[in-house]
Amino acid sequence: MVPKCRSVGARRRGRVQSTLSLSRVWATRRSIRASESPELCLHPAACSLLTGSCHSDSMAAARAEAKEHENSHNNCLIRLANPHVAAMKEDILYHFNLSTSTCDFPAKFGDVKFVCVGGSPTRMKKFIRYIAVELGLDHPGEEYPNICVGTDRFAMYKVGPVLSVSHGMGVPSIAIMLHELIKLLYHAKCSNVSVIRIGTSGGIGLEPGSVVITQQAVDACFKPEFEQIVLGKRVVRNTDMDEQLVQELMQCSADLKEFPTVVGKTICSLDFYEGQGRLDGAICFYTEKDKQAYLQAAQAAGVRNIEMESSVFASMCRTCGLRAAVVCVTYLDRLKGDQITSPHEVLAEYEQRPQRLVSHFIKKSLGKV
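Since the structure is predicted, the reported quantities are computational estimates derived from the model, not experimental observations.

*Asks:* Give a detailed account of the packing of aromatic side chains, specifying residues and quantitative values.
*Replies:* Counted according to the given criterion, the structure contains five aromatic pairs. Their ring planes at 50° and their centres at 5.9 Å tell us that Phe105 and Phe109 sit as a pair that is tilted. Pair noted here: Phe105 and Phe109 are both in helix α4 (residues 105–109), with a separation of four residues, about one helical turn. With respect to burial, Phe105 and Phe109 carry one shared label: buried. Of note, Lys108 hangs over the ring of Phe109, and the distance from its end group to the ring centre comes to 5.9 Å. Residue placement shows Arg278 over the ring face of Phe272; its charged tip is 3.9 Å from the ring centre.

Encoded structure:
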């Protein structure tokens, strides 16, 4: 039975202080920075340095083993790109209504291997029910309570090794969720986690109902980067998805043979209307010809769909060493129109396609196919 977390305001028990001081964490990160890359998944000994669980005498050995095992994902703990967290006596995940002082994160979340995120709370609750049935973990009358009860910002559900979380709409919303999700996985001492966004999008040159597995997120100018302003300075981060995970998901689609699936680039727009070249918003100072020229240029650049979260999702997961992928169905071909006109029942079936693909991937990964 999954342990329950008390509310953030409940009395704290079993507070454990970090064994590493903030200065030591900074020194640890500097010592491995030369060999660290966004795709690197460190060996357990090296990973433990970033979780504050390894004695400083092991640092030299850990660096040597990290190089030897840099392409291995076995037993790799989640790492944070923030040394301050390890020195905190309590970490409050405000938008999840969870705290390290009132929740036993390893007991509740330590077995998580797959995190699926999507915009709508309703969609993510449907997904957890669906994956429970697919994994044989569903029982008559089984309820899947919202772990984030007490807040209306996000919803979170869990069954077995699968966590299902809503992220709202757009870069700011998903970024807030990801900060707290990644810290949740870190505090739970999770390892070998794959994070997959399942959602909807507008296609470019694809039939409605096609599924796009994002290879690389690009901005509105087709550049593969995510720009963040930090302390008044422009910080640019990489937006590549995990290549191996993309290939595994594409193979799962080939296994299913249920719907057309492509791998391509995805524009992450900051807006649903002008940012995506729509003509049907409240403001528009361009023509159909302008729109077509832009979308055709995007298609020529390898872009296959447009959505609103992929760039920050890719950059944050990559920075923290998480395998990440985005799987979105297309509701329409933007070269042929702006408004979504398909019947509700058709859109509902389209929406299930990424879920079926990701479900197959999870079952295959667990040896249940």
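*Asks:* Quick one: what's the story with the pattern of salt bridges, residue by residue and with numbers?
*Replies:* Considering all chains together, one arrives at 20 salt bridges under this definition. With a closest N to O distance of 3.7 Å, Glu225 and Lys223 form a salt bridge. Residue class for Glu225 comes out buried when judged on its relative accessible area of 19%. When the shortest N-O distance is used, the salt bridge between Arg353 and Glu349 registers 3.0 Å. One end of the pair is Arg353 and the other is Glu349, both in helix α10 (residues 344–365) and four residues apart, which spans about a single turn.

*Asks:* Can you break down the packing of helix α5 (residues 121–134) against α10 residue by residue, with the values?
*Replies:* At a minimum axis separation of 10 Å, α5 and α10 run at an interaxial angle of 40°. One way to sum up the angle between α5 and α10 is to call them oblique. Taken as a pair, α5 and α10 cross one another with a handedness that is right-handed. Contact residues: Arg123, Phe127, Tyr130, Ile131 and Glu134 in α5; Glu351, Gln355, Arg356, Val358, Ser359, Ile362 and Lys363 in α10. Split by residue class, the contact of α5 with α10 holds five nonpolar, two polar and five charged.

*Asks:* Go over the side chain of Ser310, please, and point to the residues and values.
*Replies:* By the secondary structure assignment, Ser310 is in helix α9 (residues 310–319). According to the relative accessible area criterion, Ser310 is buried, its value standing at 0%. At 2.8 Å, the side chain of Ser310 forms a polar contact with the side chain of Glu307. Excluding anything up to four places from it in sequence, Ser310 contacts Ala217, Met241, Thr266, Cys268 and Val326.

Procedures and definitions
Residues numbered from 1 in each chain as written. Predicted model: local features only at pLDDT ≥ 70, side-chain atom pairs only at ≥ 80, totals over all residues. Heavy atoms only, no water. Phe/Tyr/Trp six-rings, centres within 6.5 Å; stacked < 30°, edge-to-face > 60°. Helix = DSSP H or I, 4+ residues; strand = E, 2+ residues; numbered from the N terminus. Buried < 20%, exposed > 50% of the residue type's maximum accessible area, 1.4 Å probe, protein only. Lys NZ or Arg CZ within 6 Å of the ring centre and 35° of its normal. Salt bridge = Lys/Arg side-chain N within 4 Å of Asp/Glu carboxyl O. Axes fitted to C-alpha atoms, helices over the stretch in contact; angles between N-to-C directions. Parallel < 35°, antiparallel > 145°, perpendicular 65-115°, else oblique. Left-handed = near helix turned anticlockwise from the far one by under 90°. Contact = heavy atoms within 4.5 Å. Nonpolar A, V, L, I, M, F, W, Y, C, P; charged D, E, K, R; others polar. Polar contact = N/O pair within 3.5 Å; in protein donor to acceptor, adjacent residues only side chain to side chain.

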